[in-house]
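# A closer look at the structure
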Amino acid sequence: DQGRGGSSVEIPDDIFTEPDPIDANTLTNLGPLRRLAGVWEGHRGVDLNPKADGPEQRSYYERIEMQPIDPQTNGPQLFYGLHYHVHINTREEEITFHDQVGYWLWEPATGLILQTVAIPRGQVAIAAGHAEPNATRLLLTAKRGQTDYGICSTTFLELAFRTDFYRIEVNFHGDGSWSYLSDTSLLVRGRDKPFAHRDQNTLTKIGEPDLNPWARLIRDKKAHPSPR
């Protein structure tokens, strides 16, 4: 089978048996996503979005928290990942400009990278790409109409601001910071051409990640072994 993440996908005869053993420490098995783990802030965000009288550009600042989750399996498929929360504000307003949650996932066996996106305006997506463990650049995409790596929206958004395509590029820098550029193709009702909605920012680490729950459990048992 040809996977839309960019490479062929082989489905084994046994789709139930999980890998054994599984390394419990997510932070040591995240491949290129290891550089995303932690708490981040960025103060140079730029958003370009559609308005009734034309494109509007807004500056924003954001906080992103990415914490490791326990290893996840789909039968023989094994993912290591990060749960993330993005919170964005603008200088002009104190209320939330954008809120987003989801997961970044890494499949060591294939190099598959996934980003799940959920925003509280009634939209979700799964974007996919591939990368080597030491990659300094990630590129993921999702497309409306696909049932694996696709985009799903409310009826209102489908009719008024239809999202046809999503692309995110992440670049890791030598000083430990990272930047992203996300492009979303929107078909706005009453417009002849799609609108290129763009967001970009650079993030600097302000906090280290925790251990995932399973790894914390193992650490605590070693630190405080049960009496014989």
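Use the structure listed above.
This one's a predicted model, so the numbers in the text were calculated from it and none came from an experiment. (Residues numbered from 1 in each chain as written. Predicted model: local features only at pLDDT ≥ 70, side-chain atom pairs only at ≥ 80, totals over all residues. Heavy atoms only, no water.)

Tracing the chain through its elements places A196 in strand β12 (residues 195–207). Using a relative accessible area of 53% as the deciding quantity, one classes A196 as exposed. Note: C-alpha distance between A196 and P55 (141 residues apart in sequence) is 9.6 Å. Those residues in contact with A196, other than ones at most four positions away along the chain, are L48 and T184. (Helix = DSSP H or I, 4+ residues; strand = E, 2+ residues; numbered from the N terminus. Buried < 20%, exposed > 50% of the residue type's maximum accessible area, 1.4 Å probe, protein only. Contact = heavy atoms within 4.5 Å.)

Residues V9, I11, I15 and F16 make up a contiguous nonpolar surface patch of roughly 430 Å² in combined accessible area. One can find I11 in the segment before β1 (38–51). Judged by its relative accessible area of 54%, I11 falls in the exposed class. (Patch = residues over 30% accessible without salt bridge, like charges linked within 9 Å, V, L, I, M, F, W, Y side chains within 5 Å. Areas by Shrake-Rupley, 256 points an atom, 1.4 Å probe, with all protein chains shown as cover. Salt bridge = Lys/Arg side-chain N within 4 Å of Asp/Glu carboxyl O.)

Below, the discussion takes up the nonpolar core. Within the largest apolar cluster, 35 residues are counted, with the highest numbers of intra-cluster contacts made by L33, L36, W104, L138, V170 and W178. Contributions of two or more residues to this core are made by β2 (54–68), β4 (77–89), β5 (98–107), β6 (112–119), β7 (123–130), β8 (137–143), β10 (161–172) and β11 (178–188). Ranked by the residues each element gives to this core, the list is headed by β4, at six residues. Not counting residues within four places of it along the chain, the set of residues in contact with L138 comprises P32, L33, W104, I113, A131, I168, E169, V170 and F172. Core analysis: the next-biggest nonpolar cluster, separate from the first, contains seven residues, F79, L105, A128 and Y149 among them. (Core = buried A, V, L, I, M, F, W, Y, C linked by side-chain atoms within 4.5 Å.)

As a further point, take the pattern of salt bridges. Under the criterion given, the structure shown has eleven salt bridges. We note a salt bridge from R58 to E56, for which the minimum N-O separation is 3.9 Å. Where D183 meets R198, a salt bridge forms, and the shortest distance between an N and an O atom there is 2.7 Å. Of this pair, D183 sits in strand β11 while R198 sits in strand β12, and the two are 15 residues apart along the sequence. On the basis of relative accessible area, R198 is assigned to the partly exposed category, the value being 34%. When salt bridges that share partners are traced, they join E56, R58, E92 and E93 into one network.

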